[in-house]
Structures are given as C-alpha cells and as structure tokens.
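This is what each chain is made of:
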Amino acid sequence: IIYRFVVHEFPVRKLPRWRSHDYSRPGASFVTMVTRDRIPIFGTPTRTGILLTDAGRIVHESWLSVPERFSSIDVDAFVVMPEHVHAIIFLLPVNCRSTHLGQVVGWTKQRATRMIACLASPCQMPLWQRSFNDRIIRNREALIRVRNYVKTNPARAWDNVRRSSHSAGGKIPL
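Remember, predicted model here, so these are calculated numbers, not experimental data.

## A few points about the side chain of T35
Then, number 1: Within the element layout of this structure, T35 appears in the loop between β1 (27-34) and β2 (43-46).
Then, number 2: Discounting chain neighbours no more than four positions away, the residues touching T35 are I41, F42, E83, L127, W128 and Q129.

Shown next, in the form of structure tokens:
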C-alpha cells in the first residue's frame, strides 16, 4: 500500500502583535476590534454621532466597566462604531502582577458577547473577528493624533453615509 499525502499550502497568517514588545509593560495602546464580516450591528451613523443599538450600548457599557475589572488599566477614550470599536488604553505601573493588553480586549469582547446573547433578538454569533489590531502610542503627539481620530470617527462615518447615499441617488437617513 502506497500512501500519498497532499501538502496544502495555506497562507501564512500575519502575527497581529509586535513580537519584541512586552504588552504587560506600562504604556498606551490604540486598539481596534471588528465585528465578524464587518456586519454593522452596533449602530447607525447620524449627523450627531452613532445611534447605538442595544448591542452597541452593551459594548459601550463593557468598555466603561474595564477600569472596575482591571485596576491597572485606564481607558483614555473609546468609540463604538457600527462595525468596530476603537479604544485608547493605558496600562498603569503597578507593584503586583500586571495585566496585558490581550486580557483587557479579550475580557471586553467576552463580556459584551455574553450580554448580547441574552438580548431578546441576539446578534449572529460569533460576534467578533478573531483577535484585534493594536498600535503602540509612543509619544504625546501620537496620543493627540489618535485621540482626535477616535473623537472624529463618527463624523467620518456620517460623511461616508452621505457620500454613498448621494452618489447612489438615495435619501440620506436621519
């Protein structure tokens, strides 16, 4: 009997984390978590911001509760968008065992997912794309730039809705 094995060449997955960085070390990071298939389940862009759905409000509340769960974490700013979340997280220096960035994001995603599953009309599961994107914020200028990006993200989403509705000849919502 001769066995022939077919070797499949799968694409090599790009590692989402910087290998030489210690993600439990004090500092600031900008993280982005995205819904599975970028389905816009958290809200709708409007002139005044993002109109959050029940699921979006749960994600918002989950981020507000991060400092209660992790004493070594400060959430500087965050925004819940229709299909993603941006957050600026500070890992604070502590004397005891520190928390790393992955624990915070994982806990937030898990907490929100469990609470959303309890809704009368829960979202399709799995809710999130695997992992998250992060960028280390290295200095004050970068922090200011990222804070501005987070703050203005809802306005950019509204502009995108207006542009796509206008080019398609449709009515602009809300």
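## Quick notes on the pairing of strand β5 (residues 84-91)
Then, number 1: The buried count for β5 comes to 7 of 8 residues, which makes it a mostly enclosed element.
Then, number 2: Of the strand pairs in this sheet, β1 and β5 are connected by 8 bridges, and their pairing is antiparallel. Residue pairing for β5: F30 is matched across the bridge by I88.
Then, number 3: Pairing between strand β4 (residues 73-80) and β5: 7 bridges, direction antiparallel. Bridge pairing in β5 links V75 to I89.
Then, number 4: Where β4 folds back onto β5 in an antiparallel hairpin, the turn is made up of 3 residues.

## Here's the deal with the packing of helix α1 (residues 54-64) against helix α3 (residues 101-117)
Then, number 1: Running from amino to carboxyl end, α1 crosses α3 at an angle of 145°, the nearest separation of the two axes being 9 Å. Seen from above, α1 lies across α3 with right-handed handedness. Facing α1, whose interface residues are A55, I58, V59, E61, S62 and W63, α3 presents V104, W107, T108, R111, A112, M115 and I116.
Then, number 2: Of the residues assigned to the contact of α1 with α3, the class counts are 9 nonpolar, 2 polar and 2 charged.

## So, the side chain of T32
Then, number 1: Structurally, T32 is set in strand β1.
Then, number 2: Polar side-chain contacts of T32 include one of 2.8 Å to the side chain of H86.
Then, number 3: The contacts of T32, once residues within four sequence positions are left out, are H84, V85, H86, F132 and N133.

The rules behind the values
Counting of residues starts from 1 at the beginning of each chain's written sequence and follows it residue by residue. Only residues with pLDDT of 70 or above have their local features reported here, since the model is predicted, and side-chain atom pairs are shown and tallied only from 80 upward, although totals for entire chains, interfaces and linings are computed over all residues. As a rule here, side-chain values cover all heavy atoms of the structure and leave hydrogens and water aside. Note on conventions: DSSP H or I runs of at least 4 residues are helices, E runs of at least 2 residues are strands, and numbering of each starts at the N terminus. We call two residues in contact when some of their heavy atoms are within 4.5 Å. For every residue, the accessible area (1.4 Å probe, protein chains only) is compared with the maximum for its type, and the residue is labelled buried under 20%, exposed over 50%, or partly exposed between those bounds. Between any two strands, at least two bridges found by DSSP are needed for them to pair. Each axis is a line fitted through C-alpha atoms, taken for helices only over the stretch in contact, and angles between the N-to-C directions span 0 to 180 degrees. Handedness of a crossing follows from how the near helix is turned relative to the far one, being left-handed for an anticlockwise turn of less than a right angle and right-handed for a clockwise one. In this count, Pro and Cys sit with the nonpolar residues alongside Ala, Val, Leu, Ile, Met, Phe, Trp and Tyr, while Asp, Glu, Lys and Arg are called charged and the others, Gly among them, polar. Within 3.5 Å is the distance limit for a polar contact, defined as a pair of N or O atoms, with the added protein rule that one can donate a hydrogen and the other accept it, and that residues adjacent in sequence qualify only through two side-chain atoms.

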